[in-house]
Amino acid sequence: MTVPSGRRERKKAATRQKIADTAMQLFMERGYDAVGIRDVAAEADVAVTTLFSHFASKEALVFEQDEDFEKRLTQAVTGRAPHEPLIPALRREIQALVRHCTANDAAPVFRMIDESPALRKYDESMQLRHAESLATAIAADLDLSQTATACRTIARFVIDAYALAREADDPEAAVDEIFRMIEAAWEIGRPS
């Protein structure tokens, strides 16, 4: 997460983080469905309106690093060195994200997501949004010259790679296996 530069921005970021941390603590202690927005606001010592100025919904509290995830993926496309192949850059970023999310302290969070229909639905819509952002970044790279369909397909594959590897017994091996298929699909889709 980028560190805000001004005092006001730092205070806003600190309040946002406090709310997110408080929510996650309450969700882990009591269960997601047993905790309401008012509970989180009271425990974080903020008004409900303040909570909603930082988070659009209760589900968003669980996925508070959503924007960073999306930025990291698009940055893997836009920030890579000139002439660096796309797929290895995306593979490295997905590998790093999978390592982060498969750390021991992340397992209870993913279990909570899997057990909640509302969180699963939110996660699915978030994944579609990430795929669209990634596809847009890929399509904007003039050096890649792929069709919109190819860009959207590869973006979806990459997002699915993250989800599948996260759930695998050996996440690193899963990323390697999945990205061999993504690389093959990318090559097949290249214009002749």
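In what follows, the structure referred to is the one given above.
Parameters and conventions
Residues numbered from 1 in each chain as written. Predicted model: local features only at pLDDT ≥ 70, side-chain atom pairs only at ≥ 80, totals over all residues. Heavy atoms only, no water. Core = buried A, V, L, I, M, F, W, Y, C linked by side-chain atoms within 4.5 Å. Buried < 20%, exposed > 50% of the residue type's maximum accessible area, 1.4 Å probe, protein only. Helix = DSSP H or I, 4+ residues; strand = E, 2+ residues; numbered from the N terminus. Contact = heavy atoms within 4.5 Å. Phe/Tyr/Trp six-rings, centres within 6.5 Å; stacked < 30°, edge-to-face > 60°. Lys NZ or Arg CZ within 6 Å of the ring centre and 35° of its normal. Salt bridge = Lys/Arg side-chain N within 4 Å of Asp/Glu carboxyl O. 1 Å grid on protein atoms, 1.4 Å probe; cavity = no way out; pocket = protein on both sides within 12 Å on 5 of 7 lines; lining within 4 Å. Points joined across faces, edges and corners; volume = space filled by probe spheres on them. Nonpolar A, V, L, I, M, F, W, Y, C, P; charged D, E, K, R; others polar.

Things to note about the nonpolar core
Right, so step 1: Counting 57 residues, the largest nonpolar core has Phe27, Val40, Val62, Leu90, Ile94, Ile138 and Phe179 as its most contacted members.
Right, so step 2: Ranked by residue count, the leading element in this core is helix α9 (residues 148-167), at eight residues.
Right, so step 3: Residues in contact with Val40, not counting those within four places in the same chain, are Ile19, Thr22, Ala23, Leu26, Phe27, Val35, Leu51 and Leu61.

Observations concerning the packing of aromatic side chains
Right, so step 1: Tallied over the full model, the rule gives three aromatic pairs.
Right, so step 2: Note on Phe63 and Tyr122: the rings are 5.3 Å apart at their centroids and 25 degrees apart in plane angle, and the pair reads as stacked. Of the two residues, Phe63 is situated in the loop between α4 (58-62) and α5 (66-78) and Tyr122 in helix α8 (residues 117-140); the sequence distance between them amounts to 59 residues.
Right, so step 3: A cation over a ring is seen here: Lys58 above Tyr32, with NZ or CZ 4.2 Å from the ring centre.

As for the pattern of salt bridges
Right, so step 1: Counted by the stated rule, this structure contains seven salt bridges.
Right, so step 2: Taking the shortest distance from any N to any O, the salt bridge between Arg72 and Glu93 comes out at 2.5 Å. On the criterion of sequence distance, the pair formed by Arg72 in helix α5 and Glu93 in helix α6 (residues 86-101) is long-range, its members being 21 residues apart.

Regarding the layout of surface pockets
Right, so step 1: Of the voids in this model, the largest pocket is the one considered here, and its volume is about 840 Å³.
Right, so step 2: Lining the largest pocket are 30 residues, and of these Val62, Gln65, His100, Cys101 and Phe110 lie nearest its centre.
Right, so step 3: Broken down by class, the residue content of the lining of the largest pocket amounts to 17 nonpolar, five polar and eight charged.

Brief notes about the environment of Leu144
Right, so step 1: Position of Leu144 relative to the elements: it lies in the loop between α8 and α9.
Right, so step 2: Given the relative accessible area of 7%, Leu144 is considered buried.
Right, so step 3: In the structure, Leu144 is positioned 86 residues away from Lys58 in sequence and 39 Å away in space, judged by C-alpha atoms.
Right, so step 4: With near-sequence residues (within four places) excluded, Leu144 lies in contact with Arg80, Leu86, Ile138, Trp186 and Arg190.

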